[in-house]
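One-letter residues, chain by chain:
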Amino acid sequence: MTLSPGAERSASPTLDAPCSAPSRVAYGLFFLSGAAGLIYEVSWSRQIGLLFGHSGHTAAVVLGSYFAGMAIGYLIAARLSTRMRPLRGYAIAEILAASWAALVPSLLDLLPGAIPAAILDHPSLAVRTVSRAAIGFLALLPASVAIGATLPFMAQYLDPDRKGSASGRVATAYAMNTLGALVGVVAATGVMLLVVGVRGSGYAAAGIAAFCGIVALMLPDRAPVGGFPDEPAGPADRGERLLWLAVVAIAGFGTLAVEVLFTRMFALVFQNSTYTFGLVVAFFLLGLALGSAWVARSRGNPGRVAGWAALLGSAAEAVCVPFFSWITGLGYFGLGQGFGMYMAGASLLVAAVVLPPVALLGAILPASWGEAERRGVASGRAVGRLTAANTLAAASGSLAASFVIAPAVGLWTAFGLIAGMFAVLGVILLWRAGDRFAPILAVPVLGTLIPLAIVGARDRQATAPGSEILRRWEGPYGRVDVVRERASNQLTIRQNLHYGLGSSRAAARELVQGHLPLLLHPDPKDVLFLGVGTGLTAASSLDHPEVRSVTAVELNADVVAASRAFFREANRGVLDDPRVTVVVDDARHFLTRTDRKFDAIISDLFVPWESQTGYLYTVEHYKEALAHLKPGGVFCQWLAMYQVGEREFESIADSLASVFPVTSLWWGQVDPELSFVALIGTREPIDLDLRKLEPRLDHLRRRPEEQDSYLLRSPSTFLIHHGGRWTVRNPDRLNTDEHPRVEFLAPLTHRDGDVLVQSKLRSFNTRVLSTLTKDEVRVQP
């Protein structure tokens, strides 16, 4: 499967040595092209995420659109590669891809106004998904087709006698392309998105691709055009062709499914930042490159090579998955001190688990090219057709693993099913290649190993002593568990084993998150909650008689299901209250597409280092929030001090203050380890009438769980939570869509232990927070 096609070569009518000068030029260009391809994909996925929402379905739309366009490019170039000079075809494809990529940001800016909301946000998930997929497909089509076309052109250029005898060189070039993709994903997720920017990264990738195309145009290409032998057309040859199309389709489906499953597996133990997700993708690409390099140097029967790759890859998967479970214990990974040591340890773990199976499975597609070569098929034709089938199946495998297989059977069983599929494929290919002994021996071995692997991994549920999992959901965002502590009978919703989304134990704290901003508004009638969790924060609105409608937006449908099923008593059935509307959507996307306005918008404690949650702390997001506030409205951004350092806190607070005319800070909880604050944005200073506030506090204290709340004790204790007015301190360090600083800096702060707790919190409070003026709240009397 090609994750990032395209680059090319030099010229010369004959390429008669594996390391000839033209080959080396081709490998170099193809390496750069691979880097550009992955940078494109990373940049586009974020830009389209802002259009459709950063959800699992959006990720699927981007991947499907990208892969479908590439598959079309493979097929077109498969036909053209023998009818035109391949080096020129490659150059044209690179320049077309770069040209369209440079237009993508402007095109995406025009789409929201050009497409009716009834299409983009249709109430039916199926209609919405299909329409968004079509829009994404068309928006990326010219570039993705051109990117896909580069591989067959390159393959034909590396075919020295134009009869299909360059499979080793093509596999080497493919390995270089995949290594380039690895460099691209590391550069994009590690440096470029933060330093160059999201769109800037796409422009940089376009520049790299354009450079490759221009260099290729400048090189002489005296390759003959036309005169290629026809492909064998007998029944046996047609059957053989269909067989290998099926082989590469199975390989693409299974390999991308494995990537999705590996990503979900590592999400159970990792920090789940952009860095750790990029790490898994990088080693997956390295595995594909190693598989291609193995095939490039193999002199054996390609069918036998593919068979052994499938069989051994299946066995490696069956061994590596329980190894991961055993070595991590499914506990939160924390090897080493500091972010550098953390990433080094994580790299060793990912390499040990991912490389063996992926390197083996990654050999199947390049081996299939060699099998086509044995039948005398021109390299460009064979590579284009086989890779198109592989890529379309890969997109299907990714979607199936995310939305069907893992949710239906669970993560560990899904690994077993994919391993079993590859084992069967390997047995069939080896049997056809005349290797009778290995398949016979493999059946009982793998028949025992795969079930044992599934059971061995499943037995490790990572629950603390004295607790039990009441129910588990497997969905597009991984696992959601409801966990009960037996002694206290307290319930917690957690995601991917280690991220708590709320607990009945913390009911008083979660209620405060709703009460404080609502009490700062004199008459909050229409309220919006961004994030649901247990539903306790939204439940606070039911105690305010002024509230007449509540909208609660939650990205993960499984979290809503967990809250409904197990927290109904704690949240007083808020999700089914007639005043409440629950919307399953990305919070940012909901704001951009709704035309409603609210008296209060309350944004939950989103973990700032999780991949792409940084978009809920950007200037653009706060502008959307301000646009959806009624006159006198209140926007509340809750922020956990124990999840950010000084630079992240100031970036978020400055970003909000750069949008709202008045920004004030209020303490929700003061604690050396678990402090959290509310950043309140308004158009005008807050008028707080203590005579009207007191009866509202009295009303709220009637509930048993509120009687000990310091916030609600009296107007004077309520005012003690006021921290002061925040004004912009560092205007050049704002958190924006183009430069999502918080998302990329918070993981470093978290792993380096520089979050605002204990002495760091005291120091920051002394130097900064305690000096804030308090003129933005007008207290009466």
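Residues numbered from 1 in each chain as written. Predicted model: local features only at pLDDT ≥ 70, side-chain atom pairs only at ≥ 80, totals over all residues. Heavy atoms only, no water.

> Tell me about the overall build of the chain, residues and numbers included.
For the chain, the helix and strand inventory stands at 25 helices and 14 strands. Expected size for 781 residues packed as a compact globule is a radius of gyration near 28 Å; at 28 Å, the chain falls within 12% of this value. Referenced to the eigenvectors of the C-alpha coordinate spread, the extents of the chain come out at roughly 95 × 55 × 50 Å. Expressed as a percentage of the 781 residues in the chain, the buried residues total 60%. The contacts in the chain between residues at least 6 apart in sequence include a share of 80% that link residues at least 24 apart. Mean positive and mean negative side-chain charge positions of the chain (67 and 63 charges, respectively) differ by 5 Å. (Helix = DSSP H or I, 4+ residues; strand = E, 2+ residues; numbered from the N terminus. Rg over C-alpha atoms; globule rule 2.2 N^0.38 Å. Buried < 20%, exposed > 50% of the residue type's maximum accessible area, 1.4 Å probe, protein only. Contact = heavy atoms within 4.5 Å. Lys, Arg positive; Asp, Glu negative; His and termini not counted. Charge placed at Lys NZ, Arg CZ, Asp CG, Glu CD.)

> Can you lay out the side chain of Ser81 for me, pointing to particular residues and giving the numbers?
By the secondary structure assignment, Ser81 is in the loop between helix 2 (56-80) and helix 3 (86-114). For Ser81, a relative accessible area of 1% gives the class buried. One polar contact links the side chain of Ser81 to the main-chain carbonyl oxygen of Ala78, over a distance of 3.4 Å. For Ser81, the contacting residues outside a window of four places in its chain are Pro86, Pro152, Phe153, Gln156, Gly380 and Arg381. (Polar contact = N/O pair within 3.5 Å; in protein donor to acceptor, adjacent residues only side chain to side chain.)

> Outline the confidence of the model for the chain, listing residues and values.
The predicted model of the chain has a mean per-residue pLDDT of 87, with 90% of residues at 70 or higher. The low-confidence segment residues 1-19, where pLDDT is below 50, has 113 contacts with residues more than four positions distant or belonging to other chains. (pLDDT = per-residue confidence, 0-100.)

> So what's going on with the packing of helix 10 (residues 302-328) against helix 12 (residues 364-374)? Residues and values would help.
The N-to-C vectors of helix 10 and helix 12 enclose an angle of 165 degrees; their axes lie 8 Å apart at closest approach. Regarding the angle of helix 10 to helix 12, the classification is roughly antiparallel. Between helix 10 and helix 12 the crossing geometry is left-handed. Residues Pro302, Gly303, Val305, Ala306, Ala309 and Ala310 of helix 10 lie in contact with helix 12, whose contacting residues are Ile364, Ala367, Gly370, Glu371 and Arg374. (Axes fitted to C-alpha atoms, helices over the stretch in contact; angles between N-to-C directions. Parallel < 35°, antiparallel > 145°, perpendicular 65-115°, else oblique. Left-handed = near helix turned anticlockwise from the far one by under 90°.)

> Could you give an account of the environment of Leu151, with specific residues and numbers?
Within the secondary structure layout, Leu151 lies in helix 5 (residues 125-157). Here Leu151 falls in the buried class, since its relative accessible area comes to 0%. Once the C-alpha coordinates of Leu151 and Thr387 are considered, the two residues, 236 residues apart in sequence, prove to be 9.0 Å apart.

> I'd like a rundown of a nonpolar patch on the surface, residues and numbers included.
There is a patch of nonpolar side chains on the surface, built from Ile72, Ile76 and Leu80 and spanning about 210 Å² of accessible area. Its location among the elements puts Ile76 in helix 2. (Patch = residues over 30% accessible without salt bridge, like charges linked within 9 Å, V, L, I, M, F, W, Y side chains within 5 Å. Areas by Shrake-Rupley, 256 points an atom, 1.4 Å probe, with all protein chains shown as cover. Salt bridge = Lys/Arg side-chain N within 4 Å of Asp/Glu carboxyl O.)

> Let's hear about the sheet that holds strand 5 (residues 526-530): which residues, and what values?
What the 8 strands build is an open sheet, ordered 7-6-5-8-9-11-10-13; its pairing is mixed. Single-partner strands in this sheet number two, and they are strand 7 (580-584) and strand 13 (722-725). If you compare each strand with its neighbour and ignore which way they point, the axes differ by 20 degrees on average. Pairing of strand 6 (residues 549-554) with strand 7, which is carried by 5 bridges, proceeds in the parallel orientation. Looking at the pairing, Ala552 lines up with Val582 of strand 7. Lying on the sheet, helix 18 (residues 557-566) is in contact with strand 6 and strand 7; it crosses strand 7 at an angle near 145 degrees. In this fold helix 21 (residues 646-657) packs onto strand 9 (629-640), strand 10 (662-669) and strand 11 (676-682), with an angle of close to 20 degrees to the strand it touches most, strand 11. (Pairing = 2+ DSSP bridges.)

> Mind laying out helix 7 (residues 198-218), listing which residues take part and the relevant values?
Over its 21 residues, helix 7 extends 31 Å from the first C-alpha to the last, a length consistent with the 30 Å expected when each residue adds 1.5 Å. Among the residues of helix 7, those classed as buried are Val198, Gly200, Ser201, Gly202, Ala205, Ala206, Ala209, Cys212, Gly213 and Ala216. (Expected span 1.5 Å × (residues − 1).)

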